[in-house]
2 protein chains.
Amino acid sequence: MYAVIMAGGTGTRFWPRSREEKPKQFLSILDSKTLIQMTIERLTPLIDKKHIFLVMNPQQQTQLLAQLPDFIPEQIILEPFGKNTAPCIGLAAIHLQVLHPDSVMVVLPSDHIIRDVKTFHQALQIGEEMAIKSDAMITIGITPNRPATGYGYIQHSEKALHSDGISVYKVKTFAEKPIFETAKLFLKSGDFLWNSGIFIWKTATILREIRSHLPELYIGLEKLQKTIGKVNYPKQLERFYRQIRSISIDYGVMEDAQNVYVIKCDLGWNDVGSWDEVYKLSEKDKNGNAIIGNGMIVDGEDNLIYSKDDLVAVLGVKDMVVVKSENAILVCPRERAQDVKDLVDMLKRKNMNEYL
Amino acid sequence: MYAVIMAGGTGTRFWPRSREEKPKQFLSILDSKTLIQMTIERLTPLIDKKHIFLVMNPQQQTQLLAQLPDFIPEQIILEPFGKNTAPCIGLAAIHLQVLHPDSVMVVLPSDHIIRDVKTFHQALQIGEEMAIKSDAMITIGITPNRPATGYGYIQHSEKALHSDGISVYKVKTFAEKPIFETAKLFLKSGDFLWNSGIFIWKTATILREIRSHLPELYIGLEKLQKTIGKVNYPKQLERFYRQIRSISIDYGVMEDAQNVYVIKCDLGWNDVGSWDEVYKLSEKDKNGNAIIGNGMIVDGEDNLIYSKDDLVAVLGVKDMVVVKSENAILVCPRERAQDVKDLVDMLKRKNMNEYL
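Treat the numbers as computed from the prediction; the structure is a model and nothing was measured. (Residues numbered from 1 in each chain as written. Chains lettered and ligands numbered in written order. Predicted model: local features only at pLDDT ≥ 70, side-chain atom pairs only at ≥ 80, totals over all residues. Heavy atoms only, no water.)

Draft legend 1. Molecular detail of unusual backbone geometry. With an omega dihedral of 5°, the bond running from tryptophan 15 of chain A to proline 16 of chain A counts as a cis peptide bond. Within the secondary structure layout, proline 16 of chain A lies in the loop between β1 (2-6) and α1 (35-43). Residues other than glycine seldom take positive phi values, yet valine 272 of chain A does so here, at roughly 40°. Mapped onto the elements, valine 272 of chain A comes out in the loop between β11 (269-270) and α10 (275-281). In this structure, aspartate 319 of chain B takes a positive phi of about 55° despite not being glycine. Since its relative accessible area comes to 27%, aspartate 319 of chain B is described here as partly exposed. (Helix = DSSP H or I, 4+ residues; strand = E, 2+ residues; numbered from the N terminus. Buried < 20%, exposed > 50% of the residue type's maximum accessible area, 1.4 Å probe, protein only.)

Set out below in structure tokens:
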């Protein structure tokens, strides 16, 4: 089993802590370890370190090697720029196929938290077995506990296979991030799960599926594969990435494919998708305040303060996020934390590069 | 006419901009000039610069002379520590009496804003005249335009003298900062004015009144006066300040005195008593936001941002104050801005001196 960690994200939802040069996966927000370090640690008991590949952009490489000095450049697959998950997964697949045609791939994000590592390993093993036995495409679905609007959902069919308390269902459909009313219906229905973005399949299987659902992408990949290890690979890669369409694997492949399964489990999973998620994952005082770093709250409840240097003093405020990082300060209500990207967009429009 | 500016305040309501070493009167919050510079500029057309005296504590002297290089040390009257306004005014009076027994004193705070300087000068001249003619104690009362709870009030009688559109009334009573319900009644009654803290009287008059209402203070002052210009003055001053009771001139003298008048006028006066007042005095954009320095607001209304260096980015927030200054950040609702002193108190309790 090989792991492919998609680490190319340039998350903006943790601004001002995350910056263009320092996306979320390279940050240690909740732990002394960074999210990408934690992601790899979580895999190594099950997957040989040499079998873990990272897909990322060249600008991030130095930073990655600083955080993961064990990694050798051969384990890093560079993308010239992001084109969503389908090209990223296709690129990793053609490399793995060259190394090991019969490999099973686990594709996973670099910046999520999974608390129940035992169940996670169990799920990966069930997935590997199914991927080999029945040529299936397997995804991990998280039992939702609230009508979250920040996640994609997977609807499963009624029939399930059980294994050690973990249920495996056939997938009916993938759903984009819903509005709140829809999310409530999803939760009530009982057959919708959160899409963790973790996939398990044979390398051969995903390439076959890309061929049938995204033939253009497949043709480009096939052509590129022939140049792997050769001098013209970087140039070919660049050209390929310029041409291909940006599309997600869910929408481009999974949605239309047969033989797609979901492993339903409760992993203590969190995508740490916003400052509000950081709040939810943090320890709180008796007034529900979470203070990470240098903060002080008088007469306030359920706030998140994050500052590694200057003192953040909050008075008479409820449900607020206040973050100081480097040369910027963010103030927004917890329920608006998902919209921090709007601020970052405005900084971009105004060319305020010193804050990006 | 001599001016006595009380500049010893160590305001905490502008934290984190104001610090122990940098109280409000030495800050330029709304203008390129500091409040004390503006206070003096406002007086000089009417009062000879050499006749302007400042009462302050020794720690502030260097700072003052940096901002007002024209001032000579003889114009600075030092208080070893603050004991409220009665001792401060008494101390200034014994000095003025030595210099000029027939002088008229205008006592005024160092950190207020007055927009209508012409009316202000007119009021001072009316006051001077009354002080000389009828041995009166005159105060300036501001026509209130809202039920403010942050100011003291002066209730006047019905009978008025008029002079050039400015009315002068006999004072009925001085009232402390009221609660909101009381402030509404004050406003409705029509005979309550805001107490500007500006007083006009003959030096001889105020000393006589101190003698009758605060005899202990008077005895100390009399004793101290004999040492002015002598080598034992500083020691005597220190001893005197240790012993005397901390009391305001309003409560200690004015409240019980006869012959107290109030000049009612509308000076465009503001005591700039909190960040909320700064908001009210600042220019706003079409969403009601006031940004002083480096700020950006997305989807927010009626906020105040103040930062001279780092970017303060605010998203989805209404009626909030966000201030970055030096090593600290303040976040509080505008309506709680008066309670910033509670934060400062907590910093003191916790000995967090680097933020004080």
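Draft legend 2. Representation of the relation of the copies chain B and chain A within the structure. It takes a turn of 180° to lay chain B on chain A, together with a shift of 0.0 Å along the axis; the resulting RMSD is 0.1 Å. Viewed as a symmetry operation, the transformation between the two copies matches a two-fold axis. In this assembly the copies share their binding face: 100% of the residues contributing to the interface of chain B also contribute to that of chain A. (Least-squares fit on C-alpha atoms with pLDDT ≥ 70 in both. Contact = heavy atoms within 4.5 Å.)

Draft legend 3. View of empty space enclosed by the protein. Residue and element names in this part refer to chain A. Applying the stated criterion across every chain, the model contains three cavities of 30 Å³ or more. Of the volumes computed, that of the largest cavity is approximately 50 Å³. Lining the largest cavity we find Thr39, Arg42, Leu108, Pro109, His112, Ile114, Ser196, Ile198 and Trp269. Among the elements of the structure, α1, β4 (104-109) and β9 (192-202) are those that each provide at least two residues to the lining of the largest cavity. Split into classes, the residues belonging to the lining of the largest cavity amount to five nonpolar, three polar and one charged. (1 Å grid on protein atoms, 1.4 Å probe; cavity = no way out; pocket = protein on both sides within 12 Å on 5 of 7 lines; lining within 4 Å. Points joined across faces, edges and corners; volume = space filled by probe spheres on them. Nonpolar A, V, L, I, M, F, W, Y, C, P; charged D, E, K, R; others polar.)

Draft legend 4. View of helix α11 (residues 340-349) of chain A. For α11 of chain A, the set of buried residues is Val340, Leu343, Val344, Met346 and Leu347 of chain A. Taken around the axis of α11 of chain A, the buried residues stretch over an arc of 155°, which confines them to a single face. In this structure, the buried residues of α11 of chain A make contact with β15 (328-333) of chain A together with β12 (290-298) and β13 (304-315) of chain B. Looking one or two residues beyond α11 of chain A, the residue adopting positive phi is asparagine 351 of chain A, at roughly 55°. (Arc of directions from axis to C-beta.)

Draft legend 5. Looking closely at the interface of chain B and chain A. Between chain B and chain A, the residue contacts involve 35 residues of the former and 35 residues of the latter. Carbon and sulfur atoms make up 71% of the surface buried where chain B meets chain A, a total of about 2,700 Å² over both sides. Seen at the junction of chain B and chain A, the total is four salt bridges. Linking chain B with chain A are 14 residue pairs in polar contact (both at pLDDT 80 or more), by the criterion used here. For the side of chain B that touches chain A, the secondary-structure elements that each account for two or more residues are β12, β13, β14 (320-325), β15 (328-333) and α11 (340-349) of chain B. For the side of chain B that touches chain A, the element with the highest residue contribution is β13 of chain B, accounting for seven residues. (Buried area = accessible area lost by both parts, 1.4 Å probe. Salt bridge = Lys/Arg side-chain N within 4 Å of Asp/Glu carboxyl O. Polar contact = N/O pair within 3.5 Å; in protein donor to acceptor, adjacent residues only side chain to side chain.)

Draft legend 6. Main features of the pairing of β15 of chain A. Most of β15 of chain A sits out of view: six of its six residues are buried. The side-chain alternation of β15 of chain A yields two buried faces, one formed by Ala328, Leu330 and Cys332 of chain A and the other by Ile329, Val331 and Pro333 of chain A. Sheet analysis places strand β14 (residues 320-325) of chain A next to β15 of chain A, joined by six bridges and oriented antiparallel. When the sheet's bridge partners are listed, lysine 324 of chain A is paired in β15 of chain A with isoleucine 329 of chain A. A loop of two residues connects β14 of chain A with β15 of chain A, the two strands running antiparallel in sequence, and glutamate 326 of chain A in this loop sits at a positive phi of about 50°. Pairing analysis gives four bridges linking β15 of chain A to β13 of chain B, with the strands arranged parallel. Of the residues in β13 of chain B, the one forming a bridge with valine 331 of chain A is valine 314 of chain B. (Pairing = 2+ DSSP bridges.)

Draft legend 7. Structural context of the layout of surface pockets. Residue and element names in this part refer to chain A. Of the pockets and cavities examined, the second largest pocket occupies roughly 1,400 Å³. At the level of secondary structure, the elements contributing two or more residues to the lining of the second largest pocket comprise α3 (85-99), β8 (166-175), β9 and α9 (249-254). Among the elements that line the lining of the second largest pocket, the one with the most residues is β9, at four residues. By residue class, the composition of the lining of the second largest pocket is 15 nonpolar, 18 polar and ten charged.

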